[in-house]
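Reading the structure
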Amino acid sequence: MDYLMITGGCGFIGSNLIRHLFLNSDFKGSIINVDNLSYAGNPENLEDIKTEFSNRYIFVQADICDMDALADIFDKYPVDAICHLAAQSHVDRSIEKPDDFIQTNINGTYNLLELARKYMIRFHHVSTDEVYGSLGPKGLFTETSLYMPSSPYSASKAASDHLVRAWGVTYNLPVTISNCSNNYGPYQFPEKLMPLMVLNALGKKALPVYGDGLNIRDWLYVEDHCRAIVKILQDGILGETYNVGGNCEMANIDVVNMICDILDKMAPTIEKQPHRELITFIKDRPGHDRRYAIDSTKITQKLGWKPEENFASGIEKTIKWYLDNQKWVERVQTGEYRAWMERQYKK
Ligand code: NAD
Ligand code: TYD
């Protein structure tokens, strides 16, 4: 891979992946980061990379729904692989306004597949375990689990997975797909559970837990996800899907309690008020999936990947990152973010 196109590289996982490729892997090529800088895209996540790797890092502000803009990039650069992360990614926003999810996640993926087909290049699609729907109290998602998405977000990701697979089968496009569980770590936009709770707690605001707080997610540190993506790009069998998970099932309320207890130590309030007192149970999310949990046996056995970070140290590192990066925090909490939070609290 000499010219790797990464879509959505200014988002949470995309920016961590670009940092990982330049700083912690043996990748020697150039990266073309294509991102339309939607509310979740922040070029500041990569300021240092832009300077340090100026001869190998190219940023193009473009919308993946704009086929002409994408075609121009292919005219200009000899792209030989695409790692596709650009998406509308937040379930609550998909419930409020599904349209953007249909456009970006389905039509945008279609555009990229068509360009990949024109040049017959490698295509890796970064997807989610949410395509499989909700688990009961037992069992794990495997690569052969049925697709049963519950939210507009997961349905749009499921649709994009199907397109990718079909382009592989029908046109022999060299594709792979990864379906990963919930990520956490630095640079995550504070609409998602962990950074939202950390920042609300620091601002002494209510910590809104949906429903009974007993919904379960399988948490994976973002750097572990990045290592999995790189392994699949390098050694993944074409046409295959790989499930990626943290083997770390946690109920939401336990995650929030942990965050509160860590903040009590790392950032105690003057009055020493326990952060847990801020926890507020609110109306449940419609269609809220009860439990996700991934069986990562395939990627472990076939590609030798397994998660390296443990949850206790990963969550501490993550909280410390938000405490140490107040400028980043202030800049992402724009008017748009505040308006979204107000709408959430009115639920
Ligand atoms: P994110 O919302 O933080 O980042 C998405 C990025 O895509 C942003 O930079 C945004 O500007 C960009 N983008 C959105 N629409 C675009 C468009 N039309 N054209 C170009 N760029 C556009 O999301 P994330 O959490 O980093 O997720 C990245 C990918 O990983 C997504 O495909 C998501 O479905 C998948 N995923 C996420 C998780 C998770 O826990 N966050 C887990 C599994 C899979
Ligand atoms: P989220 O980070 O939105 O990821 P996803 O919905 O894709 O799993 O939410 C993680 C879990 O936390 C999910 O069960 C919903 C819950 N949640 C809350 O209880 N309160 C919140 O404010 C948010 C954003 C999420």
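Up top you'll find the structure we're talking about.
Per-chain numbering applies: the sequence of each chain, read as written, is numbered from 1 onward. For naming, the first written chain is A and the first written ligand is 1, with later ones following in the order written. At least 70 in pLDDT is required for a residue's local features to be given in this predicted model, at least 80 for side-chain atom pairs to be given and counted, and no such filter applies to totals for whole chains, interfaces and linings, which use all residues. The basis for every side-chain value is the complete set of non-hydrogen atoms in the structure, without hydrogens or water.

Turning our attention to the packing of aromatic side chains. Each Phe, Tyr or Trp ring, with Trp reduced to its six-membered ring, pairs with another whose centre is within 6.5 Å; inter-plane angles below 30 degrees give stacked pairs, above 60 give edge-to-face pairs, and intermediate values give tilted ones. Tallying each qualifying case throughout the model produces 20 aromatic pairs. An angle of 80 degrees between the planes, with centres 5.5 Å apart, marks the rings of Y132 and Y147 as edge-to-face. Placement of the pair is Y132 in the loop between strand 5 (122-128) and helix 6 (152-171) and Y147 in the loop between strand 5 and helix 6, with a sequence separation of 15 residues. A 1.4 Å probe rolled over the protein chains alone gives each residue an accessible area, and that area as a share of the maximum for its type sets the label: buried under 20%, exposed over 50%, partly exposed in between. Here Y147 falls in the partly exposed class, since its relative accessible area comes to 27%. Ring geometry for Y322 versus W328: centroids 6.0 Å apart, planes at 70 degrees, classification edge-to-face. Like W328, Y322 is buried. Over a ring means this: the NZ of a Lys or the CZ of an Arg is within 6 Å of the ring centre and within 35 degrees of the ring normal. Geometry around W340 places R93 over its ring, the cationic atom sitting 4.5 Å from the centre. The helix and strand labels rest on DSSP assignments: H or I over at least four residues marks a helix, E over at least two residues marks a strand, and numbering proceeds from the N terminus.

Bringing the site of ligand 2 into the picture now. Summary of the distance rule: residues count as near a molecule or strand when at least one heavy atom falls within 4 Å of that molecule or strand. As a matter of local geometry, ligand 2 sits amid 18 residues, with E130, P208, R217, R285 and H288 nearest to it. Whenever two N or O atoms come within 3.5 Å, that pair is a polar contact, provided that in protein one can donate a hydrogen and the other can accept it, and provided that, for residues adjacent in sequence, both atoms are side-chain atoms. Between ligand 2 and L193, the relevant distance is 2.9 Å, taken from an oxygen atom to a main-chain nitrogen or oxygen of the residue. The contact in question runs from an oxygen atom of ligand 2 to an N or O atom on the side chain of H288, over 2.7 Å. For the accessible areas, the method is Shrake-Rupley and the probe is 1.4 Å, while residue cover comes only from the protein chains on display. When the free accessible area of ligand 2 is taken as 510 Å², the share hidden by the protein chains comes to 96%. Any residue that is not Ala, Val, Leu, Ile, Met, Phe, Trp, Tyr, Cys, Pro, Asp, Glu, Lys or Arg is counted as polar, Gly included; the first ten are nonpolar and the last four charged. When the residues that make up the shell around ligand 2 are grouped by side-chain class, the tally is 8 nonpolar, 5 polar and 5 charged.

Residues grouped as a nonpolar core are buried Ala, Val, Leu, Ile, Met, Phe, Trp, Tyr and Cys residues, joined through side-chain atoms within 4.5 Å. Counting 36 residues, the largest nonpolar core has M194, L207, W219, V255, I259, F311 and I315 as its most contacted members. In this structure, M5, V60, I73 and V164 belong to the second largest nonpolar core, which totals 26 residues.

Turning our attention to the site of ligand 1. Not every one of the 29 residues close to ligand 1 is listed here, only the nearest: I13, D35, S89, Y153 and K157. Burial of ligand 1 by the surrounding chains reaches 96%, relative to a free accessible area of 830 Å². For the shell around ligand 1, the secondary-structure elements that each account for two or more residues are helix 1 (12-24), strand 5 and helix 6. The element best represented in the shell around ligand 1 is strand 5, accounting for 3 residues. Looking at the shell around ligand 1 residue by residue, the class counts come to 13 nonpolar, 13 polar and 3 charged.

All right, on to the packing of helix 1 against helix 8 (residues 222-235) then. Two packed helices can be described by the angle between their axes and the distance between those axes. In the contact formed by helix 1 and helix 8, the axes pass within 9 Å of each other and the chain directions differ by 70 degrees. Classified by the interaxial angle, the pair formed by helix 1 and helix 8 is roughly perpendicular. Crossing geometry of helix 1 relative to helix 8 is assigned as right-handed. Between helix 1 and helix 8, the residues in contact are F12, I13, N16, L17, H20, L21 and N24 and V222, E223, H225, C226, R227, I229 and V230, respectively. Looking at side-chain class alone, the contact of helix 1 with helix 8 contains 8 nonpolar, 4 polar and 2 charged residues. Every angle, taken between N-to-C directions, lies between 0 and 180 degrees, and every axis is a line fitted to C-alpha atoms, over only the stretch in contact when it is a helix. Just so you know how the angles are binned, under 35 degrees is roughly parallel, over 145 roughly antiparallel, 65 to 115 roughly perpendicular, and the rest oblique. The handedness criterion is simple: a crossing whose near helix is rotated anticlockwise from the far helix by less than a right angle is left-handed, and one whose near helix is rotated clockwise is right-handed. Should any heavy atoms of two residues lie within 4.5 Å, those residues are considered in contact.

Moving on, we get to the pairing of strand 3 (residues 57-61). When DSSP finds two or more bridges between two strands, those strands count as paired. Pairing between strand 2 (residues 30-35) and strand 3: 5 bridges, direction parallel. When the bridges of strand 3 are listed, D35 appears paired with Q61. A clockwise course of the path from the first strand over the helix to the second, judged with the strands pointing away from the viewer, identifies a crossover as right-handed. Where the polypeptide runs from strand 2 across helix 2 (residues 47-52) and back to strand 3, its parallel neighbour, the crossover connection is right-handed.

Scope: geometric values only; no functional claims are made or implied.
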